[in-house]
Each structure stands twice: as C-alpha cells, then as structure tokens.
Amino acid sequence: MSARGHRMPRPLLLLGGAAAALVLAACTGGGSHVAASSPPALPSRSAPASPTPSVTATTPVARTPLWASYHGDPSRTAAVAGPSPVNARRLWTADLGAAVYGQPVAIGDTVIAGTEGDRVVALDRTTGRQLWSYSLGTPLTNVASRAGCGNIDPLGITSSLAIDPARGEVFAVGEVVDGDGAVHHRLVGLAVSDGAVMLSENVDPPLGAGEQPIHLLQRAGLAVGNGRVYIGYGGNIGDCGFYHGWLVGASETAKGDLVSFKVAPDGEGGAIWLSGGAPAIGADGSVYVTTGNANPFPPGQDRLQYTESVVKLTPRLEVAAAFKDPDAGGDEDLATGNPVLLPGGVVFAVGKTDVGYALRSSDLGRVAEVRGVCGSDPDGGPAYDPVTKRLFVPCRGGGIQVIETASWKLGPRVSGANSAPIVVGDTVWATTYPDGGLVAFGASSGRGTTHLETGPVPNFATPSFAGGVLLLGTRSGVAAFGR
C-alpha cells in the first residue's frame, strides 16, 4: 500500500511515559536534460506540460555537510551534528510543478529532489535557484483506472533519491510509460555537477506469469552500497493485482547486472514499502529490510515465507537471516517502518502490531521487545539520538513515541507531529501530514521550541538537513527553512 492521510492537532503535548509538560502547546530510452544558469528555470523539454519552476527570495547559509539518502546515513539513524536552526524561518520555496514525496538529498551546495512528474531537479541550497533538471519520461496518470487502485496521481518518482558521493552521482527511480503504453520502472544515475546521464536502465524485478510492473509501487527510498543501488517494491494502496514484495540491486557501473530478493515465493504480497523509508546497510555490506503482510490478508498469523519479517541479506541479496513478527496477522504490516541499525550490533524494527523489536544484527535473534509503541500504527523511519540513547518513532494516530534504548522501555509520546523525525544536534524535527507544519522539540527535555508553517505536504513527508537548512518536499516542490 501507499500514502494515506490523517489530520493531526497542532499543539505539542507529552502524552505518556515521563510526565513533563511541553511548552509549545529496462529499455534505456527516454529522458532529457536541461541546465539552468539563472532564474527563471525552464521545465525539462521532454516532461509533460507543467508550471515553470519559480523561486522566492533567500538568505545565504553556511556550507553544507552531506545528506546522501533517506535519513542521512546507511544505518537510517537520521541524526546529524548541530547546531539546530531552532529560530528558523522560511528561506525559499521552489515550485517544481509536481509533488515531491521523497526526502530531498544534498551534497555541497546542491539540493536534489525527484517529482511525481518524473523529473529530477537540482537546486542551489542557498537560493533555491534551479541548476539543472532531467526528465525520466512520462509518468503514469489515471492510476486507479489503469492499475485498479492507487492514490498517487500522476505517479512518477515517489521514493527518496540517493547520492554516491565518491562518484558524484545521484540515483533516481521513476515509474514511466513507454511509447507503446507499457509501464516500467527506470533507474537513472546523473552527475551531481550538471545532470549528465551516467546510467539509465529499466529495473523491474524478474516478474513471473500474471505479474505486471503497473501493480508495483516503488515507494521505499533508494539505498546505495556495495557498488549497487537497492530498490524496494510493494503494491499500490488497495493491493490490486497479483504482486510480490521485491528488493532489486542494480550495479552502479555495469548495466544489466541486477540481483533480486522476492518476498512470499509461496504466495503473494509481502511489500517492501517502509512508508518511504529505505533499506539499511551495515558496515559489512549486509542489507536489512522489513516486509509487509501476505495478500490477501491472512486470517491468523502470517505464515508465508519472509512476510512480516526483518530480513538480513548479503550484498547480492541472498538471505542471511530472518526474524518473523510472531504477533503479525491480517494487515499488521511490519514494513510500515524501515530497520534502524543501532550501536552494539542491534537492529530495531516496529510495525502495526505496536511492538518494537531489538534484534542482534548478526543473526536477528531477539534482544528485547517493547510493547505499546505509539498506541496506533507506527509509520515511517524512526530516528535515533546517540547522545540521549533515545529512539523517536512516528505514530500515525498522533505523536512521536520515545523509546529508551538503555532500558528498552517506553518513554513519553509527544503530540503535534506524525511523520518520520530527524535529530539535528539536541533537537528533534518532524512534520505533520497532510496539512503541514514543521515542529521541533528538545531530544532530552521534550520541550517544544519551534513551529513553522509549511503548507500541505505529502504523506510521510520528512525533512532533511544540510548546512543549517531544513529541506522538505511539498505538494508542489521543495521548501527550505533556516536562520
């Protein structure tokens, strides 16, 4: 399944745990490249007609560290050094003509985002001016009628991009409609400097009889490691069609060198969608994913192979270990959040059973479990603060749930946001979807510090941070906030 909406209250309050009050109540064809040296930027020539990207005024900021992929690092901790821009204001807004569901990525002074119009757009971090853009092709439209279900329309690039800083290359995957009407998922690798094409190929999984790419949603963020780009697939919301969850690994340098992992070979379903989160990659190159429920929903415990599981994979995507959520059945969906790799060789995962699991990264044996997480579906990637040793889990029904990893106990739950948080210095930042709002609270104290208006944002929208600037995908492009 895909993005859904839930309206949230704006004030921040501590709801449970510590009782402190808060103050802040492939074919390779398709694609074209357009460079831009000064505003106004032009839309990509091969893209469908869309508004000319426009940018408002800005304030220069300091040089940026790297935010290369979903939640900043391969472990998916979402934590970076501060200082945090607690007195932030809107710096600029870039209208890209279509929604940006993924987290913007950044390297140097360049911010890069992918749109549902199937465009990859590079922006200047300090001004929001468009530097270059590239169109993968034509996105799928009339999605529900063509696929049978789905709620993102147009459907182009939905996942967070990923950068390989050593190669100076950014990767994106988009759903594209070929000239004959066939739907494929296309991977491109583009030079960060100017958008030049370094790689382009279709990366649909090796589908069996009766399976079609149109029934796969590439929602999970991309992950780069081991010389590969890892690409997760699930179904469209509504689980229409016959599909499996897949993870595909494409070589960064050798076109056509694809490896894959298939969930539920003894049935169907098992989406790898992660609420937009990304697979985690360990220091030894191991790849970790969480998977969803069988399709149709099982009446009792989900017993299909590798459904409702945390799965450890080799770089070539052979199964090295697996842990199945013993409480999962029906639509419990462990894949609503991505795994997070913690210090001491621990993997953390939590899904709709509201049970958080701490597992050994070596064999995925159980270390501890925490029940009652969120009290509603935990959706999106948790963040981990190495200073306070706290996990921050986003809750669909409201709030950010704190888990104390030193004791594996529930901490407070903070209301006012419901999407995947990040930690910048001593501050936690998170958004409220779909109505918007970017909030900050102290990682130690839980006290609110900032509330910023953002306008409506896509489901599971989560900010990134680069050089003192918070970057957020919106329903029309990218917004930047800072001091």
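This section reports on the structure supplied with the text. Just so you know, these numbers come straight off a predicted model, no measurement behind them.

Calculation rules
- Residues numbered from 1 in each chain as written.
- Predicted model: local features only at pLDDT ≥ 70, side-chain atom pairs only at ≥ 80, totals over all residues.
- Heavy atoms only, no water.
- Helix = DSSP H or I, 4+ residues; strand = E, 2+ residues; numbered from the N terminus.
- Contact = heavy atoms within 4.5 Å.
- Buried < 20%, exposed > 50% of the residue type's maximum accessible area, 1.4 Å probe, protein only.
- Core = buried A, V, L, I, M, F, W, Y, C linked by side-chain atoms within 4.5 Å.
- Phe/Tyr/Trp six-rings, centres within 6.5 Å; stacked < 30°, edge-to-face > 60°.
- Disulfide = S-S within 2.5 Å.
- Pairing = 2+ DSSP bridges.

Residue position: leucine 161 is located in the loop between α1 (143-147) and β8 (162-164). The spacing of leucine 161 and tyrosine 70 is 91 residues in sequence and 7.5 Å in space, taken between C-alpha atoms. When neighbours within four sequence positions are excluded, leucine 161 is seen to be in contact with Ala68, Ser69, Tyr70, Gln103, Val105, Ile112, Ala113, Gly114, Val120, Val170, Phe171 and Ala172.

Turning our eyes to something else, we now look at unusual backbone geometry. With an omega dihedral of 0 degrees, the bond running from glycine 82 to proline 83 counts as a cis peptide bond. Within the secondary structure layout, proline 83 lies in the loop between β2 (79-80) and β3 (89-95). Of the consecutive residues aspartate 153 and proline 154, the connecting peptide bond is found in the cis state with omega at 0 degrees. Backbone geometry at arginine 76 places phi at a positive 65 degrees, although glycine is not the residue there. Along the chain, arginine 76 falls in the loop between β1 (32-35) and β2. Look at arginine 76 and you get buried, because its relative accessible area is 1%. In this structure, tryptophan 408 is a non-glycine residue whose phi angle is positive, near 55 degrees.

This paragraph deals with the nonpolar core. Within soluble globular proteins, side chains that are nonpolar tend to cluster in buried spots. Ranked by size, the top nonpolar core spans 41 residues in total, and within it Leu187, Ile231, Leu247, Phe261 and Leu313 carry the most contacts. Discounting residues that sit within four places of it in the chain, leucine 187 has contacts with Phe171, Ala172, Val173, Leu199, Ser200, Glu201, Val203, Val229 and Ala250. Residues Ala417, Ala430, Leu452 and Phe481 belong to the second largest nonpolar core, which totals 25 residues.

Bringing the packing of aromatic side chains into the picture now. Two numbers describe a pair of aromatic rings. These are the distance of the centres and the angle of the planes. Applying the stated criterion to the full structure yields 6 aromatic pairs. Measuring from ring centre to ring centre gives 6.1 Å for phenylalanine 348 and tryptophan 408, while their planes differ by 15 degrees; the resulting arrangement is stacked. A residue pair is termed long-range when its members are at least 10 positions apart, and phenylalanine 348 in strand β22 (residues 346-350) and tryptophan 408 in the loop between β27 (400-404) and β28 (409-414) qualify at 60 residues. Judged by relative accessible area, which is 0%, phenylalanine 348 ranks as buried. Among the aromatic residues, those joined into a ring-pair cluster are Trp273, Tyr433 and Phe460.

According to the stated counting rule, one finds 2 disulfides in the structure shown. Covalently, cysteine 149 is tied to cysteine 240 through a disulfide, its sulfur atoms 2.0 Å apart. A torsion of -75 degrees about the S-S bond marks the disulfide between cysteine 149 and cysteine 240 as left-handed. Of this pair, cysteine 149 sits in the loop between α1 and β8 while cysteine 240 sits in the loop between β14 (228-235) and β15 (246-251), and the two are 91 residues apart along the sequence. Residue classification places cysteine 149 among the buried residues on the basis of a relative accessible area of 10%. The connectivity of the disulfides in the protein is 1-2, 3-4, where the numbers refer to bonded cysteines in sequence order.

Let us now look at the pairing of strand β19 (residues 309-313). Of all 5 residues making up β19, 5 are buried, and the element is well covered by its neighbours. Both faces of β19 are covered, namely the face carrying Ser309, Val311 and Leu313 and the face carrying Val310 and Lys312. Sheet analysis places strand β18 (residues 287-290) next to β19, joined by 4 bridges and oriented antiparallel. Counted as the bridge partner of valine 289 is valine 311 from β19. Where β19 meets strand β20 (residues 319-324), 5 bridges bridge the pair, whose relative direction is antiparallel. From the neighbouring strand, serine 309 faces β20, where its bridge partner is lysine 324. Adjacent in sequence and paired antiparallel, β19 and β20 are bridged by 5 residues, among which leucine 317 carries a positive phi angle near 70 degrees.

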